[in-house]
Amino acid sequence: MREIIFVTGNPHKVKEATDIMSPLGIKIEQNDCGYPELQEDTLEAIAGFGARWASNKLNCEVMVDDSGIFIDSLSGFPGPYSAYVARTIGNERILKLLEGETNRSASLKCAIGYCHPGEEPVVFSGKVEGKIAEYIRGKLGFGYDPIFEVGGSTFGEMADEEKNRLSHRYRALAEFARWLKEPIKKIENE
Ligand code: ITT
């Protein structure tokens, strides 16, 4: 089985990546050495930089995952600042910011960066569209899951298998897994 080092401090991401990738023949091993998160406008730039930095530090091929929630009525905020916003104001205060707002559309996005030491990173993106719930619902998942609703349920109300069938992370990882089997294509398309 192909083994990939996943550099992240977030055990929920490791569990989801393992559940998604193991049926595809890819084994995920966590390493939480961390990486500097650039203050960039896109998750892709952050993930590419992080993957390059961590692969050079560990001297092996690695993947990283930079994710975020983009709220339409807030012009895409918090986007690449999602980790900071979760740590500082959190879900309750986000709901307060949206009080009385009729446009509750939002998306979760994931950028998977992958790199070999000394090489250029490649990045795979995934996105799921949904809306911000009126109130916190569900105890499953993590992060923004209890306020992010798709098809009537929040990710916080969905079993892992259900979230992993349609999530931003699933979509990015599926692209990555496809590319791992046929790496030439991505390089030709860039
Ligand atoms: P690493 O950088 O160590 O991988 P992190 O949790 O800091 O872990 P991100 O910067 O990618 O990861 O996450 C940004 C925020 O988005 C953070 O608060 C996460 O909890 C949240 N988040 C990431 N993936 C999510 C998901 O699938 N569902 C809900 N929230 C998520």
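Quick notes on the rules
Residues numbered from 1 in each chain as written. Predicted model: local features only at pLDDT ≥ 70, side-chain atom pairs only at ≥ 80, totals over all residues. Heavy atoms only, no water. Near = heavy atom within 4 Å. Polar contact = N/O pair within 3.5 Å; in protein donor to acceptor, adjacent residues only side chain to side chain. Areas by Shrake-Rupley, 256 points an atom, 1.4 Å probe, with all protein chains shown as cover. 1 Å grid on protein atoms, 1.4 Å probe; cavity = no way out; pocket = protein on both sides within 12 Å on 5 of 7 lines; lining within 4 Å. Sits in = over half its atoms within 2 Å of the grid points. Helix = DSSP H or I, 4+ residues; strand = E, 2+ residues; numbered from the N terminus. Nonpolar A, V, L, I, M, F, W, Y, C, P; charged D, E, K, R; others polar. Phe/Tyr/Trp six-rings, centres within 6.5 Å; stacked < 30°, edge-to-face > 60°. Buried < 20%, exposed > 50% of the residue type's maximum accessible area, 1.4 Å probe, protein only. Points joined across faces, edges and corners; volume = space filled by probe spheres on them. Pairing = 2+ DSSP bridges. Arc of directions from axis to C-beta. Core = buried A, V, L, I, M, F, W, Y, C linked by side-chain atoms within 4.5 Å. Contact = heavy atoms within 4.5 Å.

Enquirer: Where do I start with the site of the ligand in this structure?
Expert: The environment of the ligand is formed by 18 residues, the closest being Thr8, Gly9, Lys13, Asp145 and Lys163. Here Lys13 contributes a side-chain N or O atom positioned 2.7 Å from an oxygen atom of the ligand. At 2.8 Å from an oxygen atom of the ligand is found a main-chain nitrogen or oxygen belonging to Ser67. Bound to the protein, the ligand loses 87% of the 610 Å² it would expose on its own. More than half of the atoms of the ligand fall within 2 Å of the grid points belonging to the largest pocket. At the level of elements, strand S3 (62-71), helix H3 (82-88) and helix H6 (168-181) are the ones that each hand at least two residues to the shell around the ligand. Of the residues belonging to the shell around the ligand, the class tally is four nonpolar, seven polar and seven charged.

Enquirer: Whenever I open this one, the packing of aromatic side chains confuses me. Can you help?
Expert: The way to describe two aromatic rings as a pair is by their centre distance and the angle between their planes. Overall, the coordinates contain six aromatic pairs when judged by the stated rule. Judged by centre distance (5.4 Å) and plane angle (65°), the rings of Phe148 and Phe155 are edge-to-face. Judged by its relative accessible area of 1%, Phe155 is buried. Ring-pair connections join several aromatic residues into one group, and the members of that group are Tyr114, Phe124, Phe176 and Trp179.

Enquirer: What should I look at first to understand the layout of surface pockets in this one?
Expert: Here the idea is plain: a probe the size of a water molecule rolls over the atoms and shows the empty space left. By volume, the largest pocket is sized at about 530 Å³. Asn10, Lys13, Ser67, Ala83 and Phe142 are the residues nearest the centre of the largest pocket, which is lined by 24 residues in total. Elements supplying a minimum of two residues to the lining of the largest pocket: S3, H3 and H6. In terms of residues, the lining of the largest pocket owes the most to one element, S3, which gives four residues. Of the residues in the lining of the largest pocket, the class split is eight nonpolar, nine polar and seven charged.

Enquirer: Even after reading the chapter, I still don't get the environment of Ala51, so can you show me in this structure?
Expert: With respect to the helices, strands and loops of the structure, Ala51 is situated in helix H2 (residues 43-58). A relative accessible area of 0% means that Ala51 is categorised as buried. The spacing of Ala51 and Val7 is 44 residues in sequence and 8.1 Å in space, taken between C-alpha atoms.

Enquirer: Would you mind showing me how to read the pairing of S3 here?
Expert: On a regular strand, one side chain projects to one face of the sheet and the next to the other, so that they alternate. Counting buried residues in S3 gives ten out of ten residues, a clear majority hidden from the surface. Across the two faces of S3 the burial is the same, with Val62, Val64, Asp66, Gly68 and Phe70 and Met63, Asp65, Ser67, Ile69 and Ile71 all buried. Of the strand pairs in this sheet, strand S1 (residues 2-7) and S3 are connected by two bridges, and their pairing is parallel. From the neighbouring strand, Phe6 faces S3, where its bridge partner is Met63. Inspection of the sheet shows S3 paired to strand S5 (residues 105-115) by ten bridges, in the antiparallel sense. Residue pairing for S5: Asp65 is matched across the bridge by Ile112. Where S3 folds back on strand S4 (residues 77-78), the antiparallel hairpin that results is connected by five residues, among which Ser75 adopts a positive phi of roughly 55°.

Enquirer: What is the right way to read helix H1 (residues 11-21) from this model?
Expert: An α-helix turns once every 3.6 residues. As a result, residues three or four positions apart point the same way. The complete set of buried residues in H1 reads Lys13, Val14, Glu16, Ala17, Ile20 and Met21. For H1, the buried positions fall inside an angular range of 170° around the axis, keeping them on one side.

Enquirer: It is not clear to me how the nonpolar core should be interpreted in this structure. Could you clarify?
Expert: Met21, Ile28, Met63, Ile112, Tyr114, Leu173 and Phe176 are the most contacted members of the largest nonpolar core, which has 20 residues in total. Among the elements of the structure, S1, H1, strand S2 (26-31), S5, strand S6 (122-132) and H6 are those that each provide at least two residues to this core. The element that contributes the greatest number of residues to this core is H6, accounting for six residues. Setting aside anything within four residues of it in sequence, one finds Ile28 in contact with Ile4, Phe6, Val14, Ala17, Thr18, Met21 and Met63. Membership of the second largest hydrophobic core comes to 16 residues, among which are Ile69, Leu95, Phe148 and Met158.

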